[in-house]
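What follows is the residue order along each chain.
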Amino acid sequence: MRWLTVDGDVGSEQEFYWLWILATTGYGVGDIVTTVALVFYAPAVREGNPLVAFALERLGLLGLVSVKLAAFVLCLGVSVYAMHAWKDRFVYLTPPVALTVVGLFLTALNLSLLAR
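Attention in this report is confined to the structure presented alongside it. (Residues numbered from 1 in each chain as written. Predicted model: local features only at pLDDT ≥ 70, side-chain atom pairs only at ≥ 80, totals over all residues. Heavy atoms only, no water.)

### Re a nonpolar patch on the surface
Residues Val39, Phe40, Tyr41, Leu61, Val65, Leu69 and Val73 make up a contiguous nonpolar surface patch of about 700 Å² in total accessible area. Those elements that place two or more of their residues in the nonpolar patch are helix H1 (13-41) and helix H3 (61-86). At 4 residues, H3 tops the list of elements feeding residues into the nonpolar patch. Position of tyrosine 41 relative to the elements: it lies in helix H1. Classification of tyrosine 41 as exposed rests on a relative accessible area of 68%. (Patch = residues over 30% accessible without salt bridge, like charges linked within 9 Å, V, L, I, M, F, W, Y side chains within 5 Å. Areas by Shrake-Rupley, 256 points an atom, 1.4 Å probe, with all protein chains shown as cover. Salt bridge = Lys/Arg side-chain N within 4 Å of Asp/Glu carboxyl O. Helix = DSSP H or I, 4+ residues; strand = E, 2+ residues; numbered from the N terminus. Buried < 20%, exposed > 50% of the residue type's maximum accessible area, 1.4 Å probe, protein only.)

Next comes the structure, spelled out in structure tokens:
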């Protein structure tokens, strides 16, 4: 199954795993955990993302996790497709790096809102 391997022209397997571990930590864990904490412990703070706010309102915690998971899976798909089909290192690297940066920023923002 060729699609399960990392294309050596684009990056190494170790690099791929570390990029996605960082993205999972920053965006998947940090942002979700701090957003959940805000929802339950700071009711005066409202969700800034309209899509996430709608999902939270309609489906609660499941909605929040679903939207975040959909964004994560979409980015993973773009990265893997860029690695195999386009053999484009920039597009391959952009999704996990962007998720990591956005996730860390949102985590810091959420923590600052929790501290108020």
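Picking up after the structure, the text goes on.
### Comments concerning the packing of helix H2 (residues 50-59) against H3
Describing two packed helices takes the angle between their axes plus the distance from one axis to the other. Where H2 meets H3, the axes come as close as 6 Å, and the angle between the chain directions of the two elements is 145°. Like other packed secondary-structure pairs, H2 and H3 cross with a definite hand, here right-handed. Contact residues: Leu51, Val52, Ala55, Leu56 and Leu59 in H2; Leu61, Leu62, Gly63, Leu64, Val67 and Lys68 in H3. Among the residues making up the contact of H2 with H3, the classes are represented as 9 nonpolar, 1 polar and 1 charged. (Axes fitted to C-alpha atoms, helices over the stretch in contact; angles between N-to-C directions. Left-handed = near helix turned anticlockwise from the far one by under 90°. Contact = heavy atoms within 4.5 Å. Nonpolar A, V, L, I, M, F, W, Y, C, P; charged D, E, K, R; others polar.)

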